[in-house]
Every structure is written in structure tokens, then in C-alpha cells.
Amino acid sequence: MSLSFDPKDFDSIIVVGDRVLIKPKNPDERTKAGLLLPPGVQEKQKAHSGYVVKVGPGYPIPMFTEADEPWKKSRNDAKYFPLQAQVGDLAVYLHENAIEVEFNSEKYVVVPFTSILLLFRDEGLLE
């Protein structure tokens, strides 16, 4: 499934819940032996990699309600358990669970956090 959007700016995109927005890395075009791989073979690989662009707030935590105190205002401030992924991390994820979206003519994937197999964080990369 592929969706296409044209937002005014990237900050207007909100990632919901335990989802992560990833910019896919260009897959390897050749095998280690030097054979050229067609795009169909590259797409059929189970695991892909890419850079984390945006991260959702995390897993929602159930709210404790105090039904015995009706005079208290009910607060609907959601609480979340944060995700390990951070913007700039290199993520290895299962491609079968990813949903492809297109923003400003660039392809991205939205992946549930449970589909991310590995995160690589290079602290010196952004310095």
C-alpha cells in the first residue's frame, strides 16, 4: 500500500502511538560476489534498513480513574511509555509490516515499533 501526501512542512506530520517514520536506505544493488540485483529481488528481502525521521509518543499507559471522588476534574492527559528509537538512528525492520507513504516526492515507511529488529545509534554522527 502506498499513500501520497504533500504537507506544507515536515513538522506538521504527527506519528501516532508506537509507530516510527523511517526514510529507507538505498538497498544494495549488488551481492558480495558482485552480481547485479534487480529491484524486484531487493524488495522481496524480509529485512530492510533506514534512518528514523520521526518517532511516536510510545505505548499508551492506562489511566487510573478515581470514581469515588466525583468533585475532581477528570483529566484526559494521556501518559505514554516512550520508545527506544530516536531521530537519526539506523533501524533494521521487517518490510512486510511497513506501510509506504510518500511526502514531497520522497518515499518513507511507517513501521510499528515491534517490527524494528535492531537500532544503531552513532552519537558522533550528528556532531
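Reference entry: report on the structure contained in this document. (Residues numbered from 1 in each chain as written. Predicted model: local features only at pLDDT ≥ 70, side-chain atom pairs only at ≥ 80, totals over all residues. Heavy atoms only, no water.)

### Here's the deal with the overall build of the protein chain
In terms of helices and strands, the protein chain carries 1 helix and 9 strands. Counting helices and strands in the order they occur from the N terminus, the protein chain gives β-β-α-β-β-β-β-β-β-β. A buried classification covers 25% of the 127 residues belonging to the protein chain. Contacts in the protein chain between residues far apart in sequence, at least 24 positions, make up 75% of those at least 6 positions apart. Summed over its atoms, the accessible surface of the protein chain is roughly 9,700 Å², and 55% of this surface lies on carbon and sulfur atoms. (Helix = DSSP H or I, 4+ residues; strand = E, 2+ residues; numbered from the N terminus. Buried < 20%, exposed > 50% of the residue type's maximum accessible area, 1.4 Å probe, protein only. Contact = heavy atoms within 4.5 Å. Areas by Shrake-Rupley, 256 points an atom, 1.4 Å probe, with all protein chains shown as cover.)

### A short note on the nonpolar core
Formed by Val20, Ile22, Val52, Leu83, Ala85, Ala91, Tyr93, Ala98, Val109, Val111, Phe113 and Ile116, the largest nonpolar core amounts to 12 residues. Sorting the residues of this core by element identifies β2 (19-24), β6 (90-94) and β8 (106-112) as the ones contributing at least two each. With sequence-adjacent residues up to four places away left out, Ala85 is seen in contact with Val20, Val55, Phe113, Leu119 and Arg121. Among the nonpolar cores identified, the runner-up in size contains 6 residues, and Ile13, Leu21, Val101 and Tyr108 belong to it. (Core = buried A, V, L, I, M, F, W, Y, C linked by side-chain atoms within 4.5 Å.)

### A short note on the environment of Tyr80
Structurally, Tyr80 is set in strand β5 (residues 79-81). Measuring from C-alpha to C-alpha, the distance between Tyr80 and Tyr59 comes to 5.3 Å, with 21 residues separating the pair along the chain. In this view, Tyr80 contacts Pro57, Gly58, Tyr59, Pro60 and Ile61; residues no more than four positions away in its chain are not counted.

### What to know about the environment of Asp11
As for its position among the elements, Asp11 is in the loop between β1 (2-5) and β2. Between the C-alpha atom of Asp11 and that of Lys54, which follows or precedes it by 43 residues, the distance is 9.5 Å.

### Digging into the packing of aromatic side chains
If you walk through the whole model with that rule in mind, you get 1 aromatic pair. In this arrangement the basic side chain of Lys23 is found over the ring face of Tyr108, its NZ or CZ atom lying 5.4 Å from the centre. (Phe/Tyr/Trp six-rings, centres within 6.5 Å; stacked < 30°, edge-to-face > 60°. Lys NZ or Arg CZ within 6 Å of the ring centre and 35° of its normal.)

### Re a nonpolar patch on the surface
A cluster of nonpolar side chains, contributed by Tyr59, Ile61 and Phe81, occupies part of the molecular surface with about 290 Å² of accessible area. Relative to the assigned elements, Tyr59 resides in strand β4 (residues 59-61). (Patch = residues over 30% accessible without salt bridge, like charges linked within 9 Å, V, L, I, M, F, W, Y side chains within 5 Å. Salt bridge = Lys/Arg side-chain N within 4 Å of Asp/Glu carboxyl O.)

### Observations concerning the pattern of salt bridges
A complete count under the given rule lists 3 salt bridges for this structure. A salt bridge links Asp18 to Arg19, with the shortest nitrogen-to-oxygen separation between them at 2.5 Å. With a relative accessible area of 38%, Arg19 lands in the partly exposed category. As a salt-bridge pair, Glu106 and Lys23 come within 3.4 Å of each other at their nearest N and O atoms. Here Glu106, found in strand β8, pairs with Lys23, found in strand β2; they are 83 residues apart in sequence, far enough to count as distant.

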